[in-house]
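# Reading the structure
For reference, the chains in residue letters:
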Amino acid sequence: MLSSIVSSVDTSDLVLLTLLVGGAIVYFVSKYLNQPSSSRYSPTVASVTPSAVASKSNQSFIDRMKNENRQVLIMYGSQTGTAEEMSGRLAKDLTRYSKKAVVVDPEDIEVEDLARLTEVEDALLVLCMATYGEGDPTDNAVTLVEYLNAGDCDLSGVRFAVFGLGNKTYEHFNEIGIQMDKQLEKLGAKRIFHLGLGDDDANLEEDFMIWREAFLPKVAEEFGWELNTEAETMRQYQLEPVEEGKALFKGEFGRLGAYERPRPPFDVKNPYLATVAINDELHTEHSDRSCRHIEFSVEGSRIRYEAGDHLAVFPTNDSALVDRLISILDFEPDRTFRLVNVDEDASKRHPFPCPTTFRTALSHYVDICAPVKSHVLKAISEYCTDESEKEYLNKLSVANEEGLKEYARYIVKERRSIVDVLTDQKTCKPPIEYLLELLPRLQARYYSIASSPRVNEEKIAVCAVVTKYTIGDRLINGVCTRYLTTKDAGSKSPVFVRKSTMRLPHRTTTQVIMIGPGTGFAPFRGFLQDRQFHKNAGKEVGAMHLYYGCRHPDHDYIYKEELEKFQEDGVLTHLNCAFSRAQEKKIYVQDRLWETRDRIWESINAGAHVYICGDARNMARDVQATLQKIFREVGGKSEYDAVAYFKDMEKTKRYQADVWS
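For every chain, the first residue of its written sequence is number 1, and the numbers climb from 1 along that sequence. Residue-level local features of this predicted model are given only where pLDDT is at least 70; pairs of side-chain atoms are given and counted only at 80 or more, and the full residue set underlies all totals for whole chains, interfaces and linings. Side-chain measures were taken over the full set of non-hydrogen atoms in the model, leaving aside hydrogen atoms and water.

### Describing the domain arrangement of the protein
Where we set the bar: For the domains described, the bounds stem from an automatic or database domain assignment. For this analysis, residues touch if any pair of their heavy atoms sits within 4.5 Å. Once two parts are put together, the accessible area they lose, assessed with a 1.4 Å probe and summed over both, is termed the buried area. In the sections that follow, a salt bridge refers to a side-chain nitrogen of Lys or Arg positioned within 4 Å of a carboxyl oxygen of Asp or Glu. Under the rule applied, a polar contact is a pair of N or O atoms within 3.5 Å (in protein, one hydrogen donor and one hydrogen acceptor; residues adjacent in sequence only if both atoms are side-chain atoms). Strands are runs of DSSP state E lasting at least 2 residues, helices are runs of H or I lasting at least 4, and numbering of each runs from the N terminus. For this classification, Asp, Glu, Lys and Arg are treated as charged, while Ala, Val, Leu, Ile, Met, Phe, Trp, Tyr, Cys and Pro are nonpolar and the rest, including Gly, are polar.
Each assigned domain of the protein is listed here: domain 1 (61-223), domain 2 (265-313 + 444-500), domain 3 (316-438) and domain 4 (512-659). Each of domain 2 and domain 3 has a C-alpha centre, and these two points are 28 Å apart. Of the residues lining the interface, eight residues belong to domain 2; the matching set on domain 3 comes to ten residues. Approximately 710 Å² of surface area, both sides summed, lies buried where domain 2 meets domain 3, with 47% of it carried by carbon and sulfur atoms. A salt bridge links Asp 420 to Arg 474; the shortest N-O distance between them is 3.1 Å. Applying the counting criterion to the domain 2 and domain 3 interface returns five residue pairs in polar contact (both at pLDDT 80 or more). If you list the elements that add at least two residues to the side of domain 2 that touches domain 3, you get strand 16 (468-471), strand 17 (474-477) and helix 17 (479-485). Among the elements that line the side of domain 2 that touches domain 3, the one with the most residues is helix 17, at three residues. Each residue belonging to the side of domain 2 that touches domain 3 can be placed in one class, and the counts come to five nonpolar, no polar and three charged.

### Section: the pairing of strand 21 (residues 574-579)
We apply this condition: Paired strands, as defined in this entry, are two strands with at least two bridges between them according to DSSP. With the strands pointing away from the viewer, any crossover whose connection runs clockwise from the first strand over the helix to the second is right-handed.
Two strands pair when backbone bridges link them, and strand 20 (residues 544-550) and strand 21 are joined in this way by six bridges, in the parallel orientation. Bridging across to strand 21, Cys 550 finds its partner in Phe 579. Each parallel crossover has a hand, and the one from strand 20 via helix 19 (residues 560-568) to strand 21 is right-handed.

### Brief notes about the packing of aromatic side chains
Put simply, the rule is: Each Phe, Tyr or Trp ring (for Trp, its six-membered ring) is paired with any other whose centre lies within 6.5 Å, and the angle between the two planes then decides the class: stacked below 30 degrees, edge-to-face above 60, tilted in between. Summary of the burial criterion: residues with accessible area below 20% of their type's maximum are buried, those above 50% are exposed, and those between are partly exposed, where the area comes from a 1.4 Å probe applied to protein chains only. Put simply, a charge is over a ring when the Lys NZ or the Arg CZ is close to the ring centre, within 6 Å, and near the line of the ring normal, within 35 degrees.
Within this structure, the stated rule accounts for 28 aromatic pairs. Relative to Tyr 548, the ring of Phe 521 lies with its centre 6.1 Å away and its plane at 80°, an arrangement referred to as edge-to-face. With a gap of 27 residues between them, Phe 521 in the loop between strand 19 (512-515) and helix 18 (522-536) and Tyr 548 in strand 20 connect regions that are remote in the sequence. In this structure, Phe 521 and Tyr 548 share a single accessibility class: buried. A network of ring pairs unites the aromatic residues Phe 253, Phe 314, Phe 331, Phe 337, Phe 352, Phe 358, Tyr 365, Tyr 446 and Phe 496 as a single cluster. Directly above the ring of Tyr 446 sits Arg 498, whose terminal nitrogen or CZ lies 3.7 Å from the centroid. In this structure, Lys 629 is placed above the aromatic ring of Trp 594, and the distance from its NZ or CZ to the ring centre is 4.3 Å.

Next comes the structure, spelled out in structure tokens:
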């Protein structure tokens, strides 16, 4: 039968048939290969971003600005989400002038395309740049900062403004914001508004309010924009129902089912659901505080870390606070929904993973514990039926002397969250979907890793003091430390590792001086484990000096037995403890440093590396001052030379700090 069919087909038919079959194969193979890997290998896993947006993301942000007639580009460098949130607020502010901005995470673009910004007519570039660590850019802005500092692009004709986010307790206050403000001018761009310097140690929200209130009218004047009063009440997202049976996000971040079907690499957009292996109390029964030692199992995840890195933990909001909000606003918590951007061309289609339920969004995706931002107060004031409550919330949102003073007292100093505000202002009943649009995203918290992979690469340890205090009759809990106290062995938590620059010297014989009171000891536990591993392997290891501090040896002396064992094994050669409340006169780590100044100078002069971890506001500054005093009075250096010597230690990484405020 087959032979009769073949005999009836001539050569030209065979050629045509071969071409058609070959073309079909090429078409389907190319279509398959051009699919995202997630579509090829996991067809049941849905992405957060719809396909229409995914195709748009492949388009250069410059082409988007040109094609969609957008003249404002807002870029942010954000480590904890604050700069990102402020960028979104500025973009929403611009809609009051009928302008749509493009908001960009530098990590998601080709930064070289920034050189094409001159192709956009009347382009305005706004940077919201946080400074991280010791004057460094945030993780997502490293490439952008390096590109701009290289000076290879010409931004002549572009106008710009910069708002920096920093903390005055750090030595390099707002370094990146200041640096970018100067560099953009060097690249030919025109500054149209002064540099804003936000200070998180004082009142970052107030600094931003003052800068923003003056910035917007100045920009409008510069470009001749007119205010659109109708845009004041426009929402950024609209509520859409979800059909029954639709797969829902239940706390995942990157994609549906991410925790059931984990795929590396694991990062802020794709955390790993680790198992809590150990959750122990470190303080004794005599302490009025709590400090937890927690070990996370990352077995099989291919997560790698080094002593000195950080572990990020994604917390869940207190269910009691979620229930209070549900009761106050009286909505159906398990209703399924999605919030969709009303701007169809926006790259950010949803404020958080959707579709989901109201309860899940309040538990996992928005911050209901942080002091309420001024723009949120203004927005929800419209839903007060009592005029005096409406007037009060409006006053709190205005950047004048009276409003700022009251906002600083009522919100910042007394740390009132959205739950507190809605409890006080009893007639304020904003729709839950609008509140979810307004509230900032719940961010991961970072902890110095307190272990070494050379001991166990599949376990990551952290230690954390539980934040818990009262203001008046209100109990304030730390979002993440409260969450961690509930995580018994066997429970799960989303985590990822953030790389740090704080590393032991490559040579195991180099001396190290470690200064870490309280939980500042965490990375040094990893350092000691690291050196013990090398010593046990027969390598020569250098002297290790530890300056540890706590309140009382019988209350909060964490890892005491381990430190004694490190001493017995000859790994920890010098242990100097400062107990601030065990005697009449308070003693701190800087006091112990000064007492051993001769040994410290001898070690540093011989090439020792110095590490400090802990409080930036007081301890770090006092330790730096003590070190420079040692350089002067023991090392014989002048004041100028002592400062220069310290700066050189910083530059050559012989002095490294991991501090927080």
